[in-house]
Amino acid sequence: MAVYDFDLFTIGAGSGGVRASRLAAATGARVAIAEESRVGGTCVLRGCVPKKLLVLASHFAEDFADARGYGWTVGPTAVDWRALIAAKDKELDRLNAIYIRLLRDAGVALVEGRAKLVDPHTVEVAGRRYTAERILVATGGWPFLPDIPGIRHAMTSNEALDLAELPKRIAVVGGGYIAVEFAGIFAALGAEVTQIVRGDTLLRGFDQDIRITLAEEMHKKGVSLLRETLVRSIERLGDGSLSLRIGKGMETVGEDIEVDAVLYATGRLPNTRDLGLAELGVEVAANGAVMVDQWSKSSVDGIYAVGDATDRVNLTPVAIAEARCLVETLFNGRPTAMDYENIPSAVFSQPPVGTVGLTEAAARHRFGEVDVYVSRFRALRHTLSGRDERTMMKLVVNRRDQRVLGCHMVGADAPEIVQGLAVALKCGATKQQFDATVGIHPTAAEEFVTMRDKLPDA
Ligand code: NDP
């Protein structure tokens, strides 16, 4: 039997890689993990965590304004962007240190540098070779930018989290998770935001009522949305600002908009280039995703992949769950396949979105007849704040067996509320069980258990 340096060698110390390494080490396996940047990965260092800190920071602007309706006298307010970024960076340093400590305490060897596969059991990092019985690719994703003239002037979410100054005017290109989240942050902090989407509205793939509601609410908060619009080129002007030539559809003659910064959030691609995968015969999709089976095994024995590198469902908790399943399968003798049904997710837009299960359109497509319940209301907070913000909640129910197929919400605390509903959907709850659940009053969440009137069939 071959003798290897390690039982598992993980490439990439992000959410998926760290979890798999720690859990494998806990079974007694000898584990190493390679990282070319800082330990923590996208979620901790360049995504979920810093983004949410900026969302929380930016929300104070509305909180101060709303306080007046409750009798508060609010003096002049201002945000110190540099102080905010410094505070955020300090927190990231703390998390980075925690991740390093977790790996060390678990007995995982940290190898610093960019890894490349040499053969199915050998990895090279910084000129040194390491052998392992199994290699796990957990290299995550990286922003994708379309190739248009002047694209070098654009920033991605990576740079947006570290800007030296808060731009006065910013264009955000894209209508997905990242674009709506950053459009919300910059608008709340006082920037003039123009969001440019090539489709008819935001968040393609989400329930239509979420898409419509969010676009309306973001409009009220000052985000100007340009629909069915493409940026053809970006030019740096003499005064340092940027001129974006935009066009509609196939029209070649566009107009120009002038901004101080442009953020591209046009999707992410698996970060698998130059890893040596193709050379070893590992099947890789056109976009770079490592093709894996239900056990997260690639087409080459001994090589596995989890998380965004596989482009399945690109969410941190999914990468972590895939890592857990992999360790159960490989090191605990319990073959475990990840269950991709009813994965809840949230968009930290302003107002936020929470969703679990099927959209109305997907439910109709899969199950035929469905019952739909929609509630739109002004949250109690805004009776006194006077803010014109509406909350939308929606339930999609299978008419045949009354199982709840989808829960969707746009409104304050939607991510917190939908997490609990995800448990109900995982248990196969029916509409009657929702109805039999006593609400908590007065909350917005109680609306999910008090919706009685279904929409008439279209
Ligand atoms: P998304 O795939 O969500 O959205 C990409 C957006 O860019 C879409 O609106 C798409 O339009 C548009 N687009 C793509 N190519 C072009 C182009 N060439 N020109 C103009 N527009 C283009 O990607 P994101 O970058 O927002 O996020 C990446 C992933 O990260 C998400 O899929 C998600 O899994 C994860 N994420 C999750 C978060 C969360 O859970 N809260 C937060 C942030 C990221 P169209 O719809 O027409 O294709």
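One structure accompanies this document, and this report is about it. Sequence order sets the numbering: in each chain, residues are counted from 1 along the sequence as written. Residue-level local features of this predicted model are given only where pLDDT is at least 70; pairs of side-chain atoms are given and counted only at 80 or more, and the full residue set underlies all totals for whole chains, interfaces and linings. In computing side-chain properties, one takes all heavy atoms of the structure into account and sets aside hydrogens as well as water.

One key point about sheets: their strands pair by backbone hydrogen bonds, in either a parallel or an antiparallel sense. We treat two strands as partners when DSSP finds at least two bridges between them. Going along the chain from the N terminus, every DSSP run of H or I of four or more residues is numbered as a helix, and every run of E of two or more is numbered as a strand. Judged by pairing direction, the sheet is antiparallel, and its five strands sit side by side in the order S17-S18-S21-S20-S19 without closing on themselves. Since the sheet does not close on itself, it has two edges, and those belong to strand S17 (345–347) and strand S19 (370–378), each with one partner. This sheet shows a mean twist of 10° between the axes of neighbouring strands, independent of strand direction. Throughout, a residue-residue contact means that at least one pair of heavy atoms, one from each residue, lies within 4.5 Å. The convention used is that axes are lines fitted to C-alpha atoms, helices contributing only their stretch in contact, and that angles between N-to-C directions extend from 0 to 180 degrees. The sheet strands contacting helix H11 (residues 414–426) are S17, strand S18 (353–357) and strand S21 (404–410), and the helix crosses S18 at an angle near 10°.

In contact at an axis separation of 9 Å, helix H1 (residues 15–26) and helix H4 (residues 81–106) are set at 25° when each is read in the N-to-C sense. The orientation of H1 with respect to H4, classified from their angle, is roughly parallel. Relative to H4, H1 is oriented so that their crossing is left-handed. Contact residues: Val18, Ser21, Arg22 and Ala25 in H1; Tyr99, Leu102, Leu103 and Ala106 in H4. Roughly parallel means an angle under 35 degrees; roughly antiparallel means over 145; roughly perpendicular covers 65 to 115; every other angle is labelled oblique. We call a crossing left-handed when the near helix sits turned anticlockwise from the far one by less than a right angle, and right-handed when that turn is clockwise.

What makes a salt bridge here is a side-chain nitrogen of Lys or Arg within 4 Å of a carboxyl oxygen of Asp or Glu, nothing more. Applying the stated criterion across every chain, the model contains 37 salt bridges. For the salt bridge of lysine 51 with glutamate 181, the shortest nitrogen-to-oxygen distance reads 2.8 Å. Taken together, the residues lysine 51 in helix H3 (residues 48–67) and glutamate 181 in helix H6 (residues 177–188) connect sequence positions 130 residues apart. Any residue under 20% of the maximum accessible area for its type is buried, any over 50% is exposed, and the rest in between are partly exposed; the area is computed with a 1.4 Å probe on protein chains only. Accessibility expressed as a relative area gives 4% for glutamate 181, which makes it buried. Measuring nitrogen to oxygen at the nearest pair gives 2.8 Å for the salt bridge that ties lysine 426 to aspartate 339. Of the two residues, lysine 426 sits in helix H11 while aspartate 339 sits in the loop between helix H8 (316–331) and S17, which places them 87 residues apart along the sequence. Of the residues examined, lysine 426 reaches a relative accessible area of 47% and is grouped as partly exposed. Through salt bridges with shared partners, a single network forms among Glu62, Asp63, Asp66, Lys221, Arg381, Arg387 and Glu389.

Before going further, it helps to examine the sheet that holds strand S13 (residues 255–259). Ordered in space as S11-S12-S13, the three strands form an open sheet in which the pairing is antiparallel. Looking at which strands have only one partner, the edges of the open sheet turn out to be strand S11 (229–236) and S13. Direction aside, neighbouring strands of the sheet carry axes that sit 30° apart on average. Bridge count between strand S12 (residues 242–248) and S13: five bridges; the pairing is antiparallel. Bridge pairing links leucine 242 to valine 259 in S13.

Next up on the list: the site of the ligand. As a matter of local geometry, the ligand sits amid 18 residues, with Gly175, Arg198, Arg204, Asn314 and Ala346 nearest to it. Between the ligand and the protein, one listed contact pairs an oxygen atom with a side-chain N or O atom of arginine 204 at 2.7 Å. In the complex, 77% of the free accessible area of the ligand, which totals 920 Å², lies under the protein chains. At three residues, H6 tops the list of elements feeding residues into the shell around the ligand. Any residue outside Ala, Val, Leu, Ile, Met, Phe, Trp, Tyr, Cys, Pro, Asp, Glu, Lys and Arg is labelled polar, Gly included; the first ten of those are nonpolar and the last four are charged. Partitioned by chemical class, the residues of the shell around the ligand number seven nonpolar, six polar and five charged. In this text, near means that some heavy atom of the residue lies within 4 Å of the molecule or strand in question. The term polar contact refers here to a pair of N or O atoms within 3.5 Å; inside protein, the definition further demands a hydrogen-donor-capable atom paired with an acceptor-capable atom, and it admits residues adjacent in sequence only when both atoms are side-chain atoms. Accessible surface is estimated by sampling points in the Shrake-Rupley manner with a 1.4 Å probe; for residues, cover comes only from the protein chains shown.

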